[in-house]
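Coordinate analysis (summary)
Given next are the chains, with one letter for each unit.
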Amino acid sequence: MNHPQNHIHPGAQRRKALALLAGSALWPLLAPSRAMAQQAPLPALVKLVVGYTPGGPVDGAARLLAPALAQELGTQVIVENRPGAGGSMGGDVVAKAAPDGATLFFGASPTITINPNVQRKMPFDPMKDLTPIAPLVAYTNVLVVNKDLPVRSVAELLAYAKANPQKVFYGSAGVGSSNHLSGALLEKMTGAPMAHVAYKGSAPALSDVMGGTLAMMFDIIATSRPFIESGKVRALAVTSRQRNRMLPEVPTMIESGVADFDVGGWFGLYGPARMDPAMVARFNAAAVKVLAREAVATRLLEQGYEVWSGAPQVLADKGQSDRKLWATVSKGIEAE
């Protein structure tokens, strides 16, 4: 017995076959458009905002990664410097930009985790007004001194500071920067009298260490290493718990007698709040691929950086935890 649903008129069969053929012919045309709909469109030009001066460590890392990101994304990526307030000026530009992917923040950890603790009138809240996109690199600072300063170890520097309380000035990229708090932490832990001088970036501060205006500073290995190797500054110690592979002969602060001194930082990619999750995913995927390139990873390692790659949530979680950590270290420090 034939069931009604199993009985199909021959004409209907032909019409169904034609419909299937038409659908299969159209599928190759429809598939790309569906795939494109799932991938957020990118602007023709992406500005990578750096909150520090040209020539500094944040700027250098941004300019290293920008061309590779442009190649991976298939769009133009340029670096734009907006220095001031320990990176907060640059962050504010991005926080107030349209969430269309055209303006992103190459953020240094102090702007995200320290500034909210030390700046009374910070123009934006990194946790609320920015969208974490991708972790990029982690770094360690190195303590460098003017080559003519009569010290060759951390112990000798501390003794010199105590004997000459008006002579040891240290520079930083701004109030609340990681190199500022590294100096402040050294003061608090040792009682050695030192005076802080804030700049609008690490580059001019390091220049003044070489020139003798400043006695010392904590700086990212990436920018200090060439001057250490050329003898223009002297390296006394690195701030990580272990020695750095690019300066293996330089002891750690802990080895140098300052117990539990372990300070580092990182750079991450952010966008304005309320970015399309599909666009965030696209930028994140590009960053992960770029950092996986051997040539890029090698150049970062040569500059003293460690590749730090992962999902947006990795960057968000690190920002939250470090902000709580620095709240204790920065107590009593307030930016102008």
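This text gives an overview of the structure that appears in the document. (Residues numbered from 1 in each chain as written. Predicted model: local features only at pLDDT ≥ 70, side-chain atom pairs only at ≥ 80, totals over all residues. Heavy atoms only, no water.)

**Examining the overall build of the chain**
- Scanning the chain for helices and strands turns up twelve helices and ten strands.
- Buried residues in the chain amount to 51% of all 336 residues. (Helix = DSSP H or I, 4+ residues; strand = E, 2+ residues; numbered from the N terminus. Buried < 20%, exposed > 50% of the residue type's maximum accessible area, 1.4 Å probe, protein only.)

**Notes on empty space enclosed by the protein**
- Tallying each qualifying case throughout the model produces two cavities of 30 Å³ or more.
- Considering only enclosed or pocket space, the largest cavity measures out at about 120 Å³ in volume.
- In this structure, the largest cavity is lined by 15 residues; those nearest its centre are Y52, V58, A173, S202 and I220.
- Broken down by secondary-structure element, the contributors of at least two residues to the lining of the largest cavity are α2 (57-73) and α7 (178-190).
- Split by residue class, the lining of the largest cavity holds nine nonpolar, six polar and no charged.
- The calculated volume of the second largest cavity comes to roughly 30 Å³.
- V46, L48, L69, L73, V77, L104, L269 and F283 are the residues that line the second largest cavity.
- Of all the secondary-structure elements, those providing two or more residues to the lining of the second largest cavity are β1 (45-50) and α2.
- Tallied by class, residues from the lining of the second largest cavity come to eight nonpolar, no polar and no charged. (1 Å grid on protein atoms, 1.4 Å probe; cavity = no way out; pocket = protein on both sides within 12 Å on 5 of 7 lines; lining within 4 Å. Points joined across faces, edges and corners; volume = space filled by probe spheres on them. Nonpolar A, V, L, I, M, F, W, Y, C, P; charged D, E, K, R; others polar.)

**What to know about the nonpolar core**
- The biggest cluster of nonpolar side chains holds 41 residues, and the ones touching the most others in it are L65, F106, F267, F283 and Y305.
- Those elements giving two or more residues to this core turn out to be β1, α2, β2 (76-81), β3 (103-108), β4 (130-146), β9 (264-272), α10 (277-292) and α11 (294-302).
- Setting aside its immediate chain neighbours within four residues, F283 contacts L42, V46, L73, G101, L104, I133 and M275.
- With 31 residues, the next largest nonpolar core counts V118, L158, Y160 and M216 among its residues. (Core = buried A, V, L, I, M, F, W, Y, C linked by side-chain atoms within 4.5 Å. Contact = heavy atoms within 4.5 Å.)

**Some remarks on the pairing of β9**
- Among the nine residues in β9, eight count as buried, and that is most of the element.
- For β3 and β9, the ladder comprises four bridges, and the chain directions are antiparallel. Note that in β9 the partner of A108 across the bridge is F267.
- Bridging between β4 and β9 involves nine bridges; their strand directions are antiparallel. Across the sheet, the residue bridging to Y139 is G265, located in β9. (Pairing = 2+ DSSP bridges.)

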